[in-house]
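Descriptive analysis of the structure
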Amino acid sequence: MKVAISSDHGGNNLRKEITNLLKELDIEYVDYGPDSDASVDYPDYALPVASDVAEGKVERGILICGTGIGMSIAANKVKGIRCALVHDVFSAKATREHNNSNIIAMGERVIGAGLAREIVSTWLATDFEGGRHERRIEKMMDLEK
């Protein structure tokens, strides 16, 4: 699996924590930064991750800002993206099993590093169940047309 990850200034510290986790899990990743804590615009950092996922360059993406809200909204503007805002392990598992999410967004000001590591580990390890959920995903994706 290959993952793209990015944050804005409000998620920089948590992004570094999650890239460490990806290294520990031996998961290949592309890190789109930012390289400093200077204020940046989150859509500029959500777009490369969402584009990589939508184009199939990576299987999944992780976005982090202060709350995760702005990143998730920006990512979901890209056709083919199902970005879920996740701040608990149950939702991380459910969004993979039921919604086949291909990006998660989290907020550094909302959760701590330990919980974020659990969320990402669970999300990466969980497969889409398919079945009845497939029909629902197709209906949802048809809304993009």
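Located above this text is the structure these notes cover.
Below is a summary of the structure that appears in this document. (Residues numbered from 1 in each chain as written. Predicted model: local features only at pLDDT ≥ 70, side-chain atom pairs only at ≥ 80, totals over all residues. Heavy atoms only, no water.)

Turning to the nonpolar core, a few remarks are in order. Core analysis: the biggest nonpolar cluster contains 20 residues, and Ile-18, Ile-62, Ile-104, Met-106, Ile-119, Val-120 and Leu-124 have the highest contact counts within it. Here this core takes 5 residues from helix H5 (residues 113-125), the largest share from any one element. Core analysis: the second largest hydrophobic core is formed by 16 residues, Val-53, Met-71, Ala-75 and Cys-83 among them. (Core = buried A, V, L, I, M, F, W, Y, C linked by side-chain atoms within 4.5 Å. Buried < 20%, exposed > 50% of the residue type's maximum accessible area, 1.4 Å probe, protein only. Helix = DSSP H or I, 4+ residues; strand = E, 2+ residues; numbered from the N terminus.)

Another point: unusual backbone geometry. Most peptide bonds take the trans configuration, and most residues that are not glycine carry a negative phi. Following Gly-33, the chain continues into Pro-34 via a peptide bond in cis, with omega recorded as 20 degrees. Positive phi, close to 60 degrees, is recorded for Asp-26, a residue that is not glycine. By the element assignment, Asp-26 lies in the loop between helix H1 (12-24) and strand E2 (28-31). For Asn-100, which is not glycine, the phi dihedral falls at a positive 50 degrees. When you line up the elements, Asn-100 lands in the loop between helix H4 (89-97) and strand E5 (103-107).

This brings us to the packing of aromatic side chains. Aromatic ring pairs are defined here through the distance separating the ring centres and the angle between the ring planes. According to the stated counting rule, one finds 0 aromatic pairs in the structure shown. The ring centre of Trp-123 lies 5.0 Å from the NZ or CZ of Arg-60, which sits over that ring. (Phe/Tyr/Trp six-rings, centres within 6.5 Å; stacked < 30°, edge-to-face > 60°. Lys NZ or Arg CZ within 6 Å of the ring centre and 35° of its normal.)

Here the focus is the sheet that holds strand E3 (residues 60-65). As summarised here, the arrangement of the 5 strands in space is E2-E1-E3-E5-E4, forming an open sheet in which the pairing is parallel. Because the sheet does not close on itself, it has two edges, and the strands there are E2 and strand E4 (83-85). Sheet twist, expressed as the average angle between the axes of neighbouring strands with direction ignored, equals 20 degrees. Where strand E1 (residues 2-7) lies against E2, 4 bridges are found, and the strand directions are parallel. The residue of E2 that forms the bridge with Ile-5 is Asp-31. Sheet strands in contact with helix H2 (residues 42-54) are E1, E3 and E5, and its direction is about 170 degrees off that of E3. Here H5 sits on the sheet and contacts E1, E3 and E5; the angle it forms with E5, its principal contact strand, is near 170 degrees. (Pairing = 2+ DSSP bridges. Axes fitted to C-alpha atoms, helices over the stretch in contact; angles between N-to-C directions. Contact = heavy atoms within 4.5 Å.)

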